[in-house]
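Descriptive structure summary
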Amino acid sequence: MGSFQTPIGMRSSTLLETSCGFLLQELQIIWDEVGEDKFEKEKVLLDLEQECLEVYRRKVDRANISRARLHQELAEAEAEFTHLLLSLGERSLPGRPEKRAGTLKEQLDSITPALREMRLRKEERLNQFRAVQGQIQKISAEIAGNSDNEASTIVVNENDLSLKRLEEYQNELQRLYNEKNERLQQVEKYIDIIHSLSTILGKDSSAIIMEVHPSLNDLCGITKNISDTILDKLNITVESLFEEKQNRLDKLHHLGKALSNLWNLMDTPYSERQSFSHVINLLSLSSAEVTDPGSLTLEIVQQTEAEVKRLDQLKASKMKELFQKKQEELELICKKSHVEIPSREEMNNIINLINSGEIDHSDLLLSMDEQISRAKEEASSRKAIMEKVEKWMLARDEERWLEEYSMDENRYSVSRGAHKNLRRAERARIMVSRMPALVDLLIKMTRSWEEERNKVFLYDQVPLMAILEEYNILRQEKEEDAKRQQPWEKKRIQRQVVERDNTYVSRPGTSSRRLPSRSLNGALDSSVSLNRRLSMGMQQLGSNSINSGNHSMSFIKDGRNALRKKIFIEPVFTSHTRDEASSAVSTHSAPFSP
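The rules behind these values
Residues numbered from 1 in each chain as written. Predicted model: local features only at pLDDT ≥ 70, side-chain atom pairs only at ≥ 80, totals over all residues. Heavy atoms only, no water. Helix = DSSP H or I, 4+ residues; strand = E, 2+ residues; numbered from the N terminus. Buried < 20%, exposed > 50% of the residue type's maximum accessible area, 1.4 Å probe, protein only. Contact = heavy atoms within 4.5 Å. Areas by Shrake-Rupley, 256 points an atom, 1.4 Å probe, with all protein chains shown as cover. pLDDT = per-residue confidence, 0-100. Salt bridge = Lys/Arg side-chain N within 4 Å of Asp/Glu carboxyl O. Phe/Tyr/Trp six-rings, centres within 6.5 Å; stacked < 30°, edge-to-face > 60°. Lys NZ or Arg CZ within 6 Å of the ring centre and 35° of its normal. Arc of directions from axis to C-beta. Polar contact = N/O pair within 3.5 Å; in protein donor to acceptor, adjacent residues only side chain to side chain. Core = buried A, V, L, I, M, F, W, Y, C linked by side-chain atoms within 4.5 Å. Expected span 1.5 Å × (residues − 1). Axes fitted to C-alpha atoms, helices over the stretch in contact; angles between N-to-C directions. Parallel < 35°, antiparallel > 145°, perpendicular 65-115°, else oblique. Left-handed = near helix turned anticlockwise from the far one by under 90°. Nonpolar A, V, L, I, M, F, W, Y, C, P; charged D, E, K, R; others polar.

Re the overall build of the protein chain
Within the protein chain, the regular secondary structure consists of 16 helices and six strands. Within the protein chain, the proportion of its 594 residues that are buried is 35%. Contacts in the protein chain between residues at least 24 apart in sequence constitute 75% of all its contacts with a sequence separation of at least 6. Of the accessible surface of the protein chain, which amounts to about 36700 Å², a share of 51% is contributed by carbon and sulfur atoms.

Things to note about the confidence of the model for the protein chain
Segments scoring low in pLDDT should not have their predicted coordinates read at a detailed level. Summing up the model confidence of the protein chain, the mean pLDDT is 75 and the portion of residues at 70 or higher is 72%. When pLDDT is averaged over each helix and strand of the protein chain, the minimum, 30, is found for strand S5 (residues 586–587) and the maximum, 92, for helix H5 (residues 163–201). Low pLDDT, under 50, characterises residues 504–594; the predicted model gives this stretch 170 contacts beyond four residues in sequence or across chains.

Quick notes on the pattern of salt bridges
Think of it this way: side chains of opposite charge can pair up when their charged atoms draw near. Counted under the stated rule, the structure contains 25 salt bridges. Of the charged contacts in the structure, one is a salt bridge between Glu 172 and Arg 175, with a shortest N-O distance of 2.7 Å. With Glu 172 and Arg 175 both in helix H5 and three residues apart, the pair spans about one turn of that helix. By relative accessible area, Glu 172 is classed as partly exposed at 30%. Overall, Arg 175 belongs to the partly exposed group, its relative accessible area being 41%. In this structure, a network of salt bridges that share partners links the residues Glu 172, Arg 175, Glu 179, Arg 183 and Asp 228.

With respect to the packing of aromatic side chains
Inspection of every chain in the model, using the stated rule, returns four aromatic pairs. When the ring of Trp 392 is compared with that of Tyr 471, the centres are 5.2 Å apart and the planes differ by 80°; the resulting orientation is edge-to-face. With Trp 392 in helix H12 (residues 361–406) and Tyr 471 in helix H14 (residues 464–502), the pair connects residues that are 79 residues apart, well separated along the chain. The pair formed by Trp 392 and Tyr 471 is uniform in burial state, with each residue classed as buried. Pairing Trp 449 with Phe 457 gives two aromatic rings, centres 4.8 Å apart and planes at 80°, and the pair type is edge-to-face. In this structure, Trp 449 and Phe 457 share a single accessibility class: buried. The aromatic ring of Phe 457 is capped on one face by Arg 382, whose charged end is 3.9 Å from the ring centroid.

So, helix H6 (residues 205–212)
The set of residues buried in H6 consists of Ser 205, Ile 208, Ile 209 and Val 212. The buried residues of H6 occupy an angular sector of 95° when projected down its axis, which confines them to one face. The backbone nitrogen of Ser 206 has a side-chain oxygen 3.2 Å away, supplied by the residue at the start of H6, namely Asp 204.

Re the side chain of His 253
Inspection of the secondary structure assignment puts His 253 in helix H7 (residues 228–266). Its relative accessible area of 17% is what places His 253 among the buried residues. Sequence-distant contacts of His 253, that is, excluding residues within four places in its chain, are made with Leu 282, Leu 283 and Leu 285.

A short note on the nonpolar core
If you look at the biggest cluster of nonpolar residues, it comprises 58 residues, and the most contacted ones within it are Phe 81, Val 187, Ile 194, Leu 216, Leu 234, Leu 252 and Leu 296. Listing elements by their share of this core, those giving two or more residues are helix H3 (38–88), helix H4 (104–144), H5, H6, H7 and helix H10 (298–337). With residues up to four places along the chain from it excluded, the contact list for Leu 296 reads Ile 200, Leu 201, Lys 245, Arg 248, Leu 249, Leu 252, Leu 282 and Val 290. One finds Ala 395, Met 435, Ile 467 and Leu 468 within the second-largest nonpolar core, a separate group that totals 20 residues.

Focus on the environment of Asn 472
Along the polypeptide, Asn 472 turns up in helix H14. Considered as a pair, Asn 472 and Asp 440 are 32 residues apart in the sequence and their alpha carbons are 9.1 Å apart. Asn 472 has contacts with Val 439, Asp 440 and Ile 443, leaving out every residue within four places of it along the chain.

Looking at helix H2 (residues 19–34)
The end-to-end C-alpha distance of H2 is 22 Å, a good match for the 22 Å that 16 residues give at a rise of 1.5 Å each. One or two steps after H2, the chain reaches Gly 35, where phi turns positive at roughly 85°.

As for the packing of H7 against H10
In the contact formed by H7 and H10, the axes pass within 8 Å of each other and the chain directions differ by 30°. Our classification of the angle between H7 and H10 gives roughly parallel. Judged by the twist between their axes, the crossing of H7 over H10 is left-handed. Taken together, the residues of the contact of H7 with H10 break down into 15 nonpolar, one polar and eight charged.

Observations regarding the side chain of Thr 297
Looking at the element boundaries, Thr 297 is found in the loop between helix H9 (277–281) and H10. Classification of Thr 297 as buried rests on a relative accessible area of 15%. Excluding residues within four positions of it along the chain, Thr 297 makes contact with Ile 200, Leu 201, Gly 202 and Arg 248.

Here it is, written out as structure tokens:
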């Protein structure tokens, strides 16, 4: 008990001031009063002491555990704080002391506000990352064409929540925004082009767009698909529409030209052409210039095709008439220009081919147009010469009339119209005096024309140079013959005057006498000489003409009679006297107008 008493005494002195000491004192009083055994008292006290130790031990253990927990919490707080600083990319938190001081609870209390603030910052940063990454995921899905799929869970790397990393995500988001806007603009551009082309082609643009993807229709109310696949489809659709536009325009160009040609061929009135004027207006436009709504609809193409087909059928029925009109036009040009007219047999063969359908109408009319064009060009090149030839022919007619008038013995008699013949004779003499110069000019122009074109100038299939040269020869021989006949003519006139004085005056032409045999024989000799010269001139033409081959030989063979028949005639020189019983006729070759 002695070893126990000291602690008891110490505890007693301590517990006296507390409830435990009071209770122990009260227990001692009770024991004394009861007379409890000493050993029992010691045992109870030991039990009490043991129980107190256990209580203290539990308290100490709890205190140690609490201290360890505080140490752990403090360490964890420090570690979390440090981790947050690192993950947020910050070096320190302003206002937080770097060195720790005070008890554990004080240290823990000092770091807790800073940790709470860092946690709030982390949460805010996480929200920012989630928002940015969510937008990136959404826009990426729209670009990839997966906007209809459910969005996957956004996973944020909490170990890297720095502002630098956030800025990278924001830059990526901005890039995606730009790409999305560009794609949207491109989609809108494609849609506008589809609307425009569909309007021109007469198609339903909504159906075309829906066929590409339903989201592209604004009425659907869903996010537009802007994926590469949709852009490719839109591009293919636009290209196909452009191609169809070009094809329809090319077809209408072809049909429009056919319409124009058919109208011109058949002289279609303006009222019938008016209904297809819009097709003709397209001939001068390129594909890019065609913008009017409904200008290239399928209905217009079909109507134009039907009209061309109708006109083709009508043209086939009128082709013979058209060909005959062009044939008449060609013959008229050739006739006016005195050039060779295409043979009637050849034209009849062509008409037979038209009736049998063995010849292409367009090629035939084109060939006729080319012939007409060449004939007009030939006529234009011959115009100056032909004008001179007409003047020469007119002068030759006047010359022939003057010769006949000069042989009339009663030309000076007083009769009705005699003064008019005198005036005409005066004009005729002036024209005849100019004929040599006119013929020389014609020869010069004709020779220049032949040398320039390397072919013979034909007048009604007869070489004009041969006609002019033969005329010069005949004119010279005629002048020589006139000179030879001048003395005889003077004697004849004197004899007529004497006879007129000795006999009664009779009407002209009541009697006649034959000319002396010398005059008749001279005229016949002159005719033979002229005919011989004509033959020699034609032979010389055959050997010296520009085209001296078969072409010239045909001129020599066929042109001899034509030259004499068409250009030259034989005027009659007749002398009448009152007492002559007969008349003598002599032939003399001279040119005339065909």
